Amino acid sequence: MDLACDVLVVGGGAAGLAAAVTAARQGLKVTLLERYGFCGGAAVAGLSGTVCGMYEASDDPSRPPVQTVFGFLDDFIARMEARGGITGPVRYGKTFTRVHDPLAWRETADDLLADAGVSVLYHTVVTQVLTADGRVEGVCGYTKQGPLAARGRIVIDASGDADVAAMAGLACTVGDGGRVQNPTMIFRMMGADVDHLRQVEGEDSILGPHVGDLIAKLHAQGEYVLPRSKIFLFPTPRPNEILCNVTRVVGRDGRELNPLVVADLTEAEIEGRKQVRQYERFLQNHVAGCAQAFVNDTGVQVGVRQTRQIVGTRRLANADVLEGRKFADGIARSPWPIELHSGAKPRLEWLLEDVYEVPYGCFVPESGEGLLVTGRCLSAEHEALASARVTAQCFSYGHAIGHAAALAVRESVAPRDIDGRDLRQVLNRDGARLD
């Protein structure tokens, strides 16, 4: 098969979905390629299950949720609410998140793409990048029908792993000197007495230190294999169900496994499933409301937090996050903390009652033409990415990059020649409320 379009999007996670729909709404011919049979990326295949990054953090426990991220996200949330597929705000430490039904996520994505007129090819794995004179012109892929060649005037890498950028030979970084945050196998449990769980443990989805101390004790005694002691349990939109973000998947040799290495990724899947059963047994035996609960699903794949990031014309710095920096060419905002998952307890560094902004150049490769990226493969330092990678922000990045692609096509300009300040104005007119 040979396809041609104005904008070619690789990857259908939150960022790829938003980019494809936004570009198509500008009247462009858009094609989306996705390796699974559904959209959702880490939120659905990885079962991360929450829309994080919508609300400010605060030390005041009585402060209600304050939404700070708008635009495409609002459309997505409204459609999910209409399906009964998302909770209201759920307490997560000093902020709030919202928990979604992954089936509703898939259906909502299908409807958004269809309504916008995006051409979608599921079960399509990209294997090669088509380039000419330093310009990315498209990709080759493989489908059950056979080989595919797809070309676009602008290509958007929304793979999450910067696969297109890497295949094109563009510069990328990997974590902190090659060391990335460990993956997690997230799972759901049905049959939970959620009301009793909340009565005993409180409204915070981050369980208290008494639970962590017990996990550490039982792990040390060898009664369970529980390498992570600080655990998160979220009520879902479904009755009597909890979403469990509790595992810490490391290699048999104690290394943080790298999902870019096929042997590491395979080991992570197998070890992740083993840990699920250990934590299931712990929750049943030791956590209120979970005695009759049972695992009803795990992620289609292990949850991946970090792999490659591009080297962009700008780079989001750790200090940008911690100091709440704003930029004239900022095209997305985030209130989410730096959230580092390493060791027995994840580390959270909060930005209180404030947001930081992400400049447009973080999505423009330093070299090469015809390519934009979106999602968690943005140009960012290691700790900054631990904040910038979450779902609400990925919707914002996709919203912005979809508009950037439309500007590049309509005005026949290179993405690097687009002024982020102009793009910010376009986003504000489209409901992003950045000013």
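Reading guide: rules and limits
Residues numbered from 1 in each chain as written. Predicted model: local features only at pLDDT ≥ 70, side-chain atom pairs only at ≥ 80, totals over all residues. Heavy atoms only, no water. Pairing = 2+ DSSP bridges. Helix = DSSP H or I, 4+ residues; strand = E, 2+ residues; numbered from the N terminus. 1 Å grid on protein atoms, 1.4 Å probe; cavity = no way out; pocket = protein on both sides within 12 Å on 5 of 7 lines; lining within 4 Å. Points joined across faces, edges and corners; volume = space filled by probe spheres on them. Nonpolar A, V, L, I, M, F, W, Y, C, P; charged D, E, K, R; others polar. Phe/Tyr/Trp six-rings, centres within 6.5 Å; stacked < 30°, edge-to-face > 60°.

Looking at an unreviewed UniProt entry, the protein chain carries the name FAD-dependent oxidoreductase, with the source organism given as Xanthobacter dioxanivorans.

I'd like a rundown of the sheet that holds strand S4 (residues 90-92), residues and numbers included.
Here three strands make up an open sheet; going across it, the order is S3-S5-S4 and the pairing antiparallel. With one partner strand each, in any of the chains shown, strand S3 (50-51) and S4 form the two edges of the open sheet. Bridge analysis of S3 against strand S5 (residues 95-99) gives two bridges, and the strand direction is antiparallel. Of the residues in S5, the one forming a bridge with Val-51 is Arg-98.

Explain empty space enclosed by the protein to me, using residue names and the numbers behind them.
Summed over all chains, the structure comprises three cavities of 30 Å³ or more. Taken as a whole, the largest cavity holds about 80 Å³ of empty space. Lining the largest cavity are 14 residues, with Phe-70, Ile-331, Ser-396, His-399 and Ala-432 sitting closest to its centre. Counting residues per element, the ones that place at least two in the lining of the largest cavity are helix H3 (72-82), strand S16 (330-334) and helix H11 (391-411). Residue composition of the lining of the largest cavity, by class: ten nonpolar, three polar and one charged.

Give a detailed account of the packing of aromatic side chains, specifying residues and quantitative values.
Two aromatic rings are characterised by how far apart their centres lie and by the angle between their planes. Taken as a whole and judged by the stated rule, the model has 13 aromatic pairs. Taking the centre distance of 4.6 Å and the plane angle of 40° together, the rings of Phe-76 and Phe-395 count as tilted. With Phe-76 in helix H3 and Phe-395 in helix H11, the pair connects residues that are 319 residues apart, well separated along the chain. Considering the side-chain rings of Tyr-92 and Trp-336, the 5.3 Å spacing of their centres and the 15° angle between planes classify their relative orientation as stacked. Here Trp-336 lies in the loop between S16 and strand S17 (338-340) and Tyr-92 lies in strand S4, a separation of 244 residues in the sequence. Three or more aromatic residues link up through ring pairs in this structure, and these residues are Tyr-92, Phe-232, Phe-234, Trp-336 and Trp-350.

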